[in-house]
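What the coordinates show
For reference, the chains in residue letters:
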Amino acid sequence: MAGGGGRIFSPPPPSKLVRCVWRILFSKMASNPYFSLTVLFVAAVAFVLAPLALARAWAKVFSPAKPNAVKNAIYECGLVSKGDAWMQFHSGYYLYAIIFLVFDVESVFLLPFAVAFSGLGAAACAAMLVFVLLLVEGLAWAWAKGVLTWG
Amino acid sequence: MDEALKTELGRQGIFVTTLEELYNWGRRSSLWPMQFGLACCAIEMIATTMARYDLARFGGEVFRPSPRQADLMIVSGTVTKKMAPAVVRLYNQMAEPRYVIAMGACAISGGPFKQGYNVLKGIDRYIPVDVCIPGCPPRPEALIHAFMTLQKKIDGQPLTGEGRPRHLDAGARGEFPVPVYGEHDLEPASNPGVWSAPKVKR
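All residue numbers refer to position in the chain's written sequence, counted from 1. To read the labels, note that chains go from A and ligands from 1, taken in the order they are written. This being a predicted model, a pLDDT of at least 70 is required before a residue's local features are given, and a value of 80 or more before pairs of side-chain atoms are given or counted; all residues contribute to the totals for chains, interfaces and linings.

1. A look at the overall build of chain A
Where helices and strands are cited, they refer to DSSP runs of H or I of at least four residues and of E of at least two residues respectively, numbered from the N terminus. Assigned secondary structure in chain A consists of four helices and zero strands. Mapped from its N terminus to its C terminus, chain A presents α and β elements in the order α-α-α-α. Looking at chain A residue by residue over its 151 residues, the buried ones come to 0%. Any residue surrounded by 20 or more other C-beta atoms within 10 Å of its C-beta is treated as buried, while 12 or fewer makes it exposed and the intermediate range makes it partly exposed; C-beta atoms here are placed from the backbone.

Shown next, in the form of structure tokens:
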């Protein structure tokens, strides 16, 4: 074979700076307890970004966008639509938002507190009590307004 | 690539394909029709989606209510002149790539009601039709055959070059003008870019 028979080709040694950076970043690579987590995080981000990048590249190369007035018009079963499709929600729905806050979001916050309860001090208990009382005020108001009764 | 080489490699467990084949396979195996039934042919279309003649096996599982989410419009039934603007508008609102199956005699040419004053003599006067199914109404097996014919057509569409489909061609027209339900007839009576009256030799 031409070019020095028997000599194994090896890449040129990396510069001092590169070797320094490599050592700093990956000196305790495999033994670090968070290493696998980093790998999984990078994989998750790549899993999200790769299809988006591929779709964009495909659109640029093969499949151009072709918008026109009728295509972008608001859909109303084939009829011409008057006005915008964005409508304001009725303000009476705020009651449902308050009830949801009281029953759902509060219980979500109470669950980890209940699990870690025995290890926490009195200050944490007081802070949680303030939180619960704030939401109880919302519950009392909804109760007084008669929202909790059927019919 | 040579077919014999392909099969030989396949026997060894190596799968070889081209980007074009993969793209077309993905497109034809998940053709989502739009919920669009006009008349009696719609009943046969519904029967095709149900248990006995299951269309879901061919990829037409979900019939989308919105044209934005559909690839295929099965025009099943008589298209009246009052409904024609809505049909063309819905076709325009579908996202590319989009295909049309004219199911039944009425959608192809007006059918048994051709002499009706309000019957549009074929939806291909306004929108390009890919597959026609003759019949009044065609049996569910005929609709499945049309589906498979459309799948074969999609398989043969190239990715680049002259014969590439409309959605890959930036210069090809994407908007089909919507007719207006005028006083006596639809205005315009047909779309000259899509349909021209057959010349009768007497």
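That was the structure; now back to the text.
2. A few points about the sheet that holds strand E1 (residues 72–76) of chain B
The pairing of strands in a sheet comes from backbone hydrogen bonds and takes either a parallel or an antiparallel form. All names here are of chain B. Spatial strand order, E1-E2-E3: three strands in an open sheet with parallel pairing. The open sheet has two edge strands, E1 and strand E3 (131–133), and neither has a second partner. Each strand axis lies, on average, 15 degrees off the axis of its neighbour in the sheet, ignoring direction. Sheet topology places E1 next to strand E2 (residues 99–103); five bridges connect them, and they run parallel. Opposite Val75, over in E2, you have Ala102 as the bridge partner. Those strands touched by helix H6 (residues 140–155) are E2 and E3, and its axis lies near 165 degrees from that of E3. In short, DSSP must find at least two bridges between two strands for them to pair. In this analysis an axis means a line fitted to C-alpha atoms, helices contributing only their contacting stretch, and an angle means the value between N-to-C directions, from 0 to 180 degrees. Two residues form a contact once the distance between their C-beta atoms, set from the backbone, is within 7 Å.

3. Comments concerning the nonpolar core
Residues and elements named next belong to chain B. What we call a nonpolar core is a set of buried Ala, Val, Leu, Ile, Met, Phe, Trp, Tyr and Cys residues whose membership is set by joining through C-beta atoms within 7 Å. Ranked by size, the top nonpolar core spans 41 residues in total, and within it Met73, Val75, Ile101, Met103 and Ile123 carry the most contacts. Elements with a contribution of two residues or more to this core: helix H3 (40–49), E1, helix H4 (84–93), E2, helix H5 (104–109), E3 and H6. In contact with Ile123, not counting residues within four places along its chain, are Val75, Val79, Val87, Ala102, Ala107 and Val129.

4. Considering the interface of chain B and chain A
In this complex, chain B contributes 17 residues to the contact, which on the side of chain A involves 11 residues. Of the residues contributing to the side of chain B that touches chain A, the split by class is eight nonpolar, five polar and four charged. Under the scheme applied here, ten amino acids are nonpolar (Ala, Val, Leu, Ile, Met, Phe, Trp, Tyr, Cys and Pro), four are charged (Asp, Glu, Lys and Arg), and all others, including Gly, are polar.

5. Here's the deal with the confidence of the model for chain B
On a scale of 0 to 100, pLDDT captures the predictor's confidence in every residue. Per-residue confidence for chain B averages 91 on the pLDDT scale, and 100% of its residues sit at or above 70. Scored as a complex, the prediction yields pTM 0.73 and ipTM 0.76.

6. Regarding the pairing of E2(B)
All names here are of chain B. With five of five residues buried, E2 is to be regarded as a mostly interior element. Residues Tyr99, Ile101 and Met103 line one face of E2 and the alternating positions Val100 and Ala102 line the opposite face, and both faces are buried. With the strands aimed away from the viewer, a crossover counts as right-handed if its path from the first strand over the helix to the second runs clockwise. Traced from E1 through H4 to E2, the parallel crossover comes out right-handed. With respect to chirality, the unit in which E2 leads through H5 into the neighbouring parallel E3 is right-handed.

7. With respect to the pairing of E1(B)
The side chains of a regular strand alternate, first on one face of the sheet and then on the other. Of all five residues that make up E1(B), five are buried, and the element is covered over most of its length. Neither face of E1(B) is open: one carries B:Leu72, B:Ile74 and B:Ser76, the other B:Met73 and B:Val75, and all of them are buried.

8. Some words on the domain arrangement of chain B
Residues and elements named next belong to chain B. The domains assigned to chain B are domain 1 (1–29) and domain 2 (31–156). What counts as a domain boundary in this text is fixed by an automatic or database domain assignment. For domain 1 and domain 2, the distance between their C-alpha centroids amounts to 31 Å. On the side of domain 2, six residues touch domain 1, which itself brings four residues to the contact. Class assignment for the residues of the side of domain 1 that touches domain 2 results in no nonpolar, two polar and two charged.

9. A look at the packing of helix H3 (residues 94–115) of chain A against helix H4 (residues 122–144) of chain A
Residues and elements named next belong to chain A. Across the interface, H3 lies against H4 with an axial gap of 10 Å and an inter-helix angle of 155 degrees. Classified by the angle their axes make, H3 and H4 are roughly antiparallel. Relative to H4, H3 is oriented so that their crossing is left-handed. Judged by residue contacts, Leu95, Ile98, Ile99, Leu101, Val102, Glu106 and Phe113 of H3 engage Met128, Leu135, Gly138, Leu139 and Ala142 from H4. In terms of residue class, the contact of H3 with H4 is built from 10 nonpolar, one polar and one charged. In this scheme, roughly parallel covers angles under 35 degrees and roughly antiparallel covers those over 145, while 65 to 115 is roughly perpendicular and the rest are oblique. Left-handed describes a crossing whose near helix is turned anticlockwise from the far helix through less than a right angle; right-handed describes the clockwise counterpart.

10. Some remarks on the packing of helix H2 (residues 19–28) of chain B against H6(B)
All names here are of chain B. At a closest axis distance of 9 Å, the pairing of H2 and H6 adopts a crossing angle of 155 degrees. Taken together, the axes of H2 and H6 lie roughly antiparallel to each other. For the crossing formed where H2 meets H6, the hand is right-handed. Between H2 and H6, the residues in contact are Asn24, Arg27 and Arg28 and Gln151, Ile154 and Asp155, respectively. Among the residues making up the contact of H2 with H6, the classes are represented as one nonpolar, two polar and three charged.

11. Description of unusual backbone geometry
Residues and elements named next belong to chain B. Between Glu96 and Pro97 the backbone carries a cis peptide bond, its omega angle lying at -10 degrees. With respect to the helices and strands, Pro97 occurs in the loop between H4 and E2. The omega angle of the peptide bond from Glu187 to Pro188 is 5 degrees, so this bond is cis rather than trans. When you line up the elements, Pro188 lands in the segment after strand E5 (186–187).

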